[in-house]
Amino acid sequence: MRGKTKQQIRVWAMLCHLSALLAWILLILVIIIGIPLYLPLNVLAPLIIWRVKKTQYTWVDFQGKESLNFQLSLTFYVLILVIISLLLVFTGFGIAMTSNGTANYIEIIFRTLLIGCSAIVLFMLLLQSFVVTCAAMKAYRGEYYRYPFTIRFLI
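Please read these numbers as outputs of a predicted model, since none were measured by experiment.

Chemist: Even after reading the chapter, I still don't get the packing of aromatic side chains, so can you show me in this structure?
Modeler: All chains considered together, the criterion is met by six aromatic pairs. Taking the centre distance of 4.2 Å and the plane angle of 10 degrees together, the rings of Phe70 and Tyr147 count as stacked. Residue Phe70 is located in helix 3 (residues 58-98), and its partner Tyr147 is located in the segment after helix 4 (103-141); the two are separated by 77 residues in the primary sequence. The buried category is assigned to Tyr147, whose relative accessible area is 4%. Seen from their ring centres, Tyr145 and Tyr147 are 5.5 Å apart, and the 85 degrees between their planes marks the pair as edge-to-face. Here the aromatic cluster, defined as three or more aromatic residues joined through ring pairs, consists of Trp59, Phe62 and Tyr144. Cation over ring: Arg10 sits above Tyr140, and NZ or CZ is 4.8 Å from the ring centre. The ring of Trp50 is capped by Lys54, whose NZ or CZ atom sits 4.3 Å from the centre of that ring.

Definitions and limits used
- Residues numbered from 1 in each chain as written.
- Predicted model: local features only at pLDDT ≥ 70, side-chain atom pairs only at ≥ 80, totals over all residues.
- Heavy atoms only, no water.
- Phe/Tyr/Trp six-rings, centres within 6.5 Å; stacked < 30°, edge-to-face > 60°.
- Helix = DSSP H or I, 4+ residues; strand = E, 2+ residues; numbered from the N terminus.
- Buried < 20%, exposed > 50% of the residue type's maximum accessible area, 1.4 Å probe, protein only.
- Lys NZ or Arg CZ within 6 Å of the ring centre and 35° of its normal.

Encoded structure:
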């Protein structure tokens, strides 16, 4: 019975991490289908698991906080990327309009920006896939793991 409880704790801790990754995959699939929707599912899924299980298991409390801190940080970084992209779009469009730029010049600006932002988002998704999987495996084994580039919102 005791071994089964420990395994259950480790499974819940692992789900704190993997639920965020599954939420990103679900969100990408919704966008690919054509629904322009952004819900912070990557934060919502680990938050629900953490809130339900944190009082029962301290290991799930630690892993849930770690997962939430990383997902909140990632969401914050994406928000900064969107703001910077919008500033670059408006600046490029303003320069093109005031200098009587041709449509070709505006298209080059937007295409470059789109390729650059897509590459950054792809890199962030690949990085997240790697570190979340690593964190989930370590949580299941009962090992401590700290995400890189994380702002500690929850202590």
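Let us keep going from here.
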